[in-house]
Amino acid sequence: QVQLVESGGGLVQPGGSLRLSCAPSTSIFSLYFMGWYRQAPGKQRELVATTRDGTPNYADSVKGRFTISTDNAKNTVDLQMNNLKPEDTAVYYCNVRLYSSTIYHWGQGTQVTVSS
């Protein structure tokens, strides 16, 4: 079982930036798949950004604004979010899969609120 701890959420004004971090209980080098998803009130959870074996993928709504990356020194999967918009408001979840397993693990989520 992989435990995930997300951090970095908060309240930010439109146009601002936030950086989310996801710290897995295992080495990030053992992760085949890493992703960020979000769920706004009354909506289904949706893909934001993923990286699979090093290849990133982004939702059209965040392309050019969000960047998924790993910090090898901190052993985290990060999501840099720039030029935030009110429609980015949601709970953001980290999701990972090990090379050695077909099971996907979810974090508990971190709230991001974009409002003036």
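Scroll up to find the structure.
Definitions and limits used
Residues numbered from 1 in each chain as written. Predicted model: local features only at pLDDT ≥ 70, side-chain atom pairs only at ≥ 80, totals over all residues. Heavy atoms only, no water. Phe/Tyr/Trp six-rings, centres within 6.5 Å; stacked < 30°, edge-to-face > 60°. Lys NZ or Arg CZ within 6 Å of the ring centre and 35° of its normal. Helix = DSSP H or I, 4+ residues; strand = E, 2+ residues; numbered from the N terminus.

A. Representation of the packing of aromatic side chains in the model. Enumeration over the complete set of coordinates arrives at four aromatic pairs. An aromatic cluster is present here, built from Tyr 37, Tyr 93 and Trp 106 joined pairwise through their rings. A cation over a ring is seen here: Arg 45 above Tyr 93, with NZ or CZ 3.7 Å from the ring centre. Here Arg 45 stacks its cationic end above the ring of Trp 106, 4.6 Å away from the centre of that ring.

B. Broad picture of unusual backbone geometry. One non-glycine residue, Asp 53, lies in positive phi territory at about 55 degrees. Tracing the backbone through its elements, the reader meets Asp 53 in the loop between strand 5 (46–52) and strand 6 (55–58). Non-glycine residue Asn 75 carries a positive phi angle of around 55 degrees. Within the secondary structure, Asn 75 is located in the loop between strand 7 (66–71) and strand 8 (76–81).

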